[in-house]
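# A structural walkthrough
Letter by letter, the chains look like this.
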Amino acid sequence: MSVIPLVFTSGWASGINAYAVVLLLGLFGATGVSDEVPAALQRTDVLIVAGVLFLCEAIADKIPYVDSVWDTAHTVIRPVAGAVVAALLAGESGSLPELAAGAIGGSTALMSHLVKAGTRMAVNTSPEPFSNVGMSIAEDLGVAGVITFAIFNPVAAAVVAAVLLVLGIVTVLFLASRIRRFLRRRAQRREEKRLAGTGGHRPPG
């Protein structure tokens, strides 16, 4: 059976929470739930590191503005993680070249990451913190549910992930004005900090 559906789904999920994907797949493999999980993801040290980083993300992801800083730092990490997981899955399956799998997983992870980051920017224009917590919990549950579903029914899970990705892109386009507002506020805060660091004086000329 082709591993493409699982590669696509893991890529989508990695763009939202790469550490949860590595942790869940590793646990499914280590406990014998699935024999399609590469041995590299089942290693104890990998599971420990993924678990610790998942806890860090679970905290940072629920704090307004901190979540956007975290997302910025993971603009490279999540797509790379998606590509690596996809390549490992392809190597275990042998039904898809690893380079092609990495391209699928990495590009899908990048798209879902941009959707998540954009949505969070829009949410951060709201003064209350509860929307961040709600979004974070929904994302964590969504990743856990879709990855678990993919282990048992990869094709259906890939369809769900594709629909969620499209809906996410549409949502980001709808929230474009809020995203621009967030970026303007962030640029303004940076300028204020810069001026404060120079004693409040603008350079001559």
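Just so it is clear, the structure is predicted and the values come from calculations on it, not from any experiment. (Residues numbered from 1 in each chain as written. Predicted model: local features only at pLDDT ≥ 70, side-chain atom pairs only at ≥ 80, totals over all residues. Heavy atoms only, no water.)

This paragraph deals with helix α7 (residues 130-152). The end-to-end C-alpha distance of α7 is 34 Å, a good match for the 33 Å that 23 residues give at a rise of 1.5 Å each. What α7 keeps buried is the set N132, S136, E139, D140, V143, V146, I147, A150 and I151. For α7, the secondary structure elements touched by its buried residues are α1 (4-30), α3 (44-60), α4 (66-73), α6 (98-123) and α8 (154-174). (Helix = DSSP H or I, 4+ residues; strand = E, 2+ residues; numbered from the N terminus. Expected span 1.5 Å × (residues − 1). Buried < 20%, exposed > 50% of the residue type's maximum accessible area, 1.4 Å probe, protein only. Contact = heavy atoms within 4.5 Å.)

Mapped onto the fold, R78 is located in helix α5 (residues 77-93). Exposure remark for R78: the relative accessible area of 0% places this residue in the buried category. Here E57 takes part through its side chain, which lies 3.1 Å from a polar atom of the side chain of R78. With residues near it in sequence (within four places) discarded, R78 still touches S14, G15, I16, A18, E57, W70, D71, A109, H113 and K116. (Polar contact = N/O pair within 3.5 Å; in protein donor to acceptor, adjacent residues only side chain to side chain.)

When its volume is computed, the largest pocket comes out at roughly 300 Å³. In terms of lining, the largest pocket is formed by 15 residues, of which the most central are W12, I16, V115, M135 and E139. For the lining of the largest pocket, the secondary structure elements donating two or more residues are α1, α6, α7 and α8. Here the lining of the largest pocket is composed, by residue class, of eight nonpolar, five polar and two charged. Around the second largest pocket, the lining residues are Y65, S68, V69, T72, F182, R186, R189, R190 and K193. Contributing elements (two or more residues each) for the lining of the second largest pocket: α4 and α9 (176-197). Considering every element that reaches the lining of the second largest pocket, the biggest residue donor is α9, with five residues. Residues of the lining of the second largest pocket, tallied by class, amount to three nonpolar, two polar and four charged. (1 Å grid on protein atoms, 1.4 Å probe; cavity = no way out; pocket = protein on both sides within 12 Å on 5 of 7 lines; lining within 4 Å. Points joined across faces, edges and corners; volume = space filled by probe spheres on them. Nonpolar A, V, L, I, M, F, W, Y, C, P; charged D, E, K, R; others polar.)

Next up on the list: the confidence of the model for the protein. Looking at the protein as a whole, its pLDDT mean stands at 88, while 93% of the residues score no less than 70. Across the protein, the element-wise mean pLDDT spans from 75 in α9 up to 96 in α1. (pLDDT = per-residue confidence, 0-100.)

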